[in-house]
Amino acid sequence: MPNGHDDGSYRYSFPVGFPIVTYPILAMLVGSKYGMVFIVIAFLLAVVFTWEAFSRNEYETIRAKDPSMNVETWRMNWMLFFALPGYAVGAYGLIAKL
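Cut-offs and rules
- Residues numbered from 1 in each chain as written.
- Predicted model: local features only at pLDDT ≥ 70, side-chain atom pairs only at ≥ 80, totals over all residues.
- Heavy atoms only, no water.
- Patch = residues over 30% accessible without salt bridge, like charges linked within 9 Å, V, L, I, M, F, W, Y side chains within 5 Å.
- Areas by Shrake-Rupley, 256 points an atom, 1.4 Å probe, with all protein chains shown as cover.
- Salt bridge = Lys/Arg side-chain N within 4 Å of Asp/Glu carboxyl O.
- Helix = DSSP H or I, 4+ residues; strand = E, 2+ residues; numbered from the N terminus.
- Core = buried A, V, L, I, M, F, W, Y, C linked by side-chain atoms within 4.5 Å.
- Buried < 20%, exposed > 50% of the residue type's maximum accessible area, 1.4 Å probe, protein only.
- Contact = heavy atoms within 4.5 Å.
- Phe/Tyr/Trp six-rings, centres within 6.5 Å; stacked < 30°, edge-to-face > 60°.

A few words on a nonpolar patch on the surface. Together, Val-16, Ile-20, Val-21, Ile-25, Met-28 and Leu-29 give the surface a local cluster of nonpolar side chains, amounting to about 560 Å² of exposed area. Its location among the elements puts Leu-29 in helix H1 (residues 17-29).

Dropping the structure here:
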């Protein structure tokens, strides 16, 4: 048991399905008539995910259930897979509206 999880215990899994579905839809909708609304939504999602990445309480809660989780992995996953695409979609929308 090198990671302590071979016994079938809880292991945290990042909800990667959310950004895979949400951000492409938002990217298509930023060019619509109500594009600014979707740009704001993309930026708000990115801010929420950035907050999640740097929330010590959220990290400690997951760390208590999954001891193999470290803070660098936690932040990298939330920023790279959740927040950065939101910022990119929002920036793309702003550039497209100019």
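Past the structure itself, the notes keep going.
A separate point is the nonpolar core. The nonpolar side chains of a soluble globular protein tend to be buried with one another. Counting 19 residues, the largest nonpolar core has Tyr-12, Phe-14, Phe-49, Met-69, Trp-74 and Trp-78 as its most contacted members. Here this core takes six residues from helix H4 (residues 71-97), the largest share from any one element. Contact partners of Tyr-12, with chain neighbours within four places excluded, come to Ile-62, Asp-66, Met-69, Trp-74 and Trp-78.

Moving on: the environment of Ile-20. In this fold, Ile-20 is placed in helix H1. Taking the C-alpha atoms as reference points, Ile-20 and Phe-82, 62 residues apart in sequence, are found 9.1 Å from one another.

For the structure on display, the rule yields nine aromatic pairs. With 6.4 Å between their ring centres and 45° between their planes, Phe-43 and Tyr-87 make a pair best called tilted. Within this pair, whereas Phe-43 is found in helix H2 (residues 35-54), its partner Tyr-87 is found in helix H4, the two being separated by 44 residues in sequence. The partly exposed category is assigned to Phe-43, whose relative accessible area is 27%. We classify Tyr-87 as partly exposed; its relative accessible area is 30%. Linked through ring pairs, Phe-14, Phe-18, Phe-49, Tyr-59, Trp-74, Trp-78 and Phe-82 together constitute an aromatic cluster.

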